[in-house]
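Notes for the structure review
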Amino acid sequence: MPSNTQSYLSDRGAQAAFKPVRVDWEIYQKAMENHYDAISKPDGCFPMNVAENHLCWDLLREKVQKVCKEKTIPDWVSSYGDPAGVPSFRQATAEYLSEFLVKQKVDPETLAFSVGATSTIEMTAFLLANPADTAVIPAPSYPVYTMDIGVIPEIKRYDLQTHHELHELQAGIPINTEQLEAAKQEIEAQGSRFRLLILTSPDNPTGGIYSQAQLESVADWCEANEVHLIVNEIYGLSRIDISHPELQKDYPNPIPFLSFGQLMAKRKSPFLHLWYSFSKDLGISGFRIGLTHSYNADFITGYRNAGLSHAISNHTQWVMQEVLEDREFMADFVAASQSALTQSYVIVIRNLRTLGIPYSPSYGSLFVWMDLSEFLKEDSEQGQHQLWLEIFEESGVLLTPGAGFGHSKKGLFRMVISSIDHEALEVAITRLKKYILNMRDRNTK
């Protein structure tokens, strides 16, 4: 860091200027500049490390263009609106959540919106926890949670180790209240407060989900200990068809997906909350729409009062309101998206099985979480980093490295399976397969 940085920036500004959001961002930019194209760049790269879903964008783009062409923009779009979301957009979203995700009525007054999932996470942490409080997150988990809860809210992250090997996920994510109690004691011994518990279902990166019994047990513990339980269902409709003939054997005792919103509706507890965003299920991360669902009225009011700088453009709200109100289109879109996602997942899993590469059976999300630890030159963060760079340099496939996920095992990598079409995915997995076979050949010599 240049010596004169402090004279130009605050301490926080200096940290932001010289600390990248994620370890793979610079290489991602490099890969995007040389993105694979079957015609113009057949030797190009496959950036498969950023969680974007492009599988059905053509369908949604056509719908959005139709709205903008045929509908008249209402006058309210040019005015200030409710910082937590204009009433008509909250109503349209509540009906969408009720029909497709939660599967029971969602009251629009329990929703508050902000510009994307990152903003939603930041706002929630800011309003529910004090600086130096701790958020517990089962590992492995989304690396950028650290920044989202840490930069502005100044909340600490505690990675809860629920397992070490992938086979331990066969029956679901193994979380229990004994682990939570042990974490609470450790956090308090360090002078902090266990204030937030963040679960993601379907999970990033494992694709696992939480059973109804788990959610109820964990909710009981959180309410008794005055810990805010937040379930992030940002991948709630990005679900894999586990009845697919090539996938069934991975799920001997399948877990039904249950939205946390159902349990919330029964309890209406001030300690239970749900996050959602249109970024992943609808593949519109650039639209920047995130939301919190909560029966804690003070929390929603605080969100509205403190959230003006996080408010979504009225024009974006209007466009998406028009899209969401077309229930037939949305039903067709969700079905098409899940079908395309399942096909992508099958392409990857089929090849990993052939190679004998361990992976976590996914119920949903945009990822495959795989174990490439057999290729580590050393069992360390450095060894993992070197392997990640080598995979990219030799195959052109850019995965997300395990660094930042907070997990105890080294050599695990996340592949985003929804950022390229099926034809390109076949090429990418063939490249990765070639690398793996070459590595095994080298290791036997």
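Up top you'll find the structure we're talking about.
Just so you know, these numbers come straight off a predicted model, no measurement behind them.

1. Focus: the packing of aromatic side chains
Inspection of the entire model under this criterion finds 15 aromatic pairs. On the numbers, 5.6 Å between centres and 45° between planes, the contact of Tyr 96 with Phe 100 is tilted. Linking Tyr 96 with Phe 100, this pair stays in helix H5 (residues 87–101), spanning 4 residues, or about one helical turn. Take Tyr 96 and Phe 100: they sit in the same class, and that class is buried. A centroid spacing of 5.4 Å and a plane angle of 75° characterise the contact between Tyr 235 and Phe 367, whose relative ring orientation is edge-to-face. Of this pair, Tyr 235 sits in the loop between strand S6 (228–232) and helix H10 (260–267) while Phe 367 sits in strand S9 (residues 367–371), and the two are 132 residues apart along the sequence. With respect to burial, Tyr 235 and Phe 367 carry one shared label: buried. Directly above the aromatic system of Phe 329 lies the positively charged group of Lys 63, at a separation of 5.6 Å from the ring centroid.

2. Topic: the sheet that holds strand S3 (residues 134–139)
Pairing is mixed across the open sheet formed by 7 strands, whose spatial order is S2-S8-S7-S6-S5-S3-S4. In the strand order of this sheet, the two ends are held by strand S2 (111–114) and strand S4 (156–161), each with one partner. Across the sheet, the mean angle separating the axes of adjacent strands is 25° when strand polarity is ignored. Two strands pair when backbone bridges link them, and S2 and strand S8 (residues 290–294) are joined in this way by 4 bridges, in the antiparallel orientation. Counted as the bridge partner of Phe 113 is Leu 291 from S8. Set on the sheet, helix H6 (residues 116–128) makes contact with S2, strand S5 (194–200), S6, strand S7 (272–277) and S8; between it and S8 the angle comes to about 40°.

3. Considerations on the pattern of salt bridges
Summed over all chains, the structure comprises 20 salt bridges. With its nearest N and O atoms 2.6 Å apart, the salt bridge here joins Glu 223 to Arg 267. Residue Glu 223 is found in helix H9 (residues 212–225), and its partner Arg 267 is found in helix H10; the two are separated by 44 residues along the sequence. Assessed through its relative accessible area of 27%, Arg 267 is described here as partly exposed. A cluster of three or more residues bridged by salt bridges with shared partners is formed by Asp 82, Arg 90, Glu 109 and Arg 304.

4. Focus: the environment of Ser 98
If you trace the backbone, Ser 98 turns up in helix H5. Once you skip the residues sitting within four places of it in the chain, Ser 98 turns out to touch Lys 103, Gln 104, Lys 105 and Val 106. Within polar-contact distance, the side chain of Ser 98 engages the backbone nitrogen of Val 106 at 2.8 Å.

Cut-offs and rules
Residues numbered from 1 in each chain as written. Predicted model: local features only at pLDDT ≥ 70, side-chain atom pairs only at ≥ 80, totals over all residues. Heavy atoms only, no water. Phe/Tyr/Trp six-rings, centres within 6.5 Å; stacked < 30°, edge-to-face > 60°. Helix = DSSP H or I, 4+ residues; strand = E, 2+ residues; numbered from the N terminus. Buried < 20%, exposed > 50% of the residue type's maximum accessible area, 1.4 Å probe, protein only. Lys NZ or Arg CZ within 6 Å of the ring centre and 35° of its normal. Pairing = 2+ DSSP bridges. Axes fitted to C-alpha atoms, helices over the stretch in contact; angles between N-to-C directions. Contact = heavy atoms within 4.5 Å. Salt bridge = Lys/Arg side-chain N within 4 Å of Asp/Glu carboxyl O. Polar contact = N/O pair within 3.5 Å; in protein donor to acceptor, adjacent residues only side chain to side chain.

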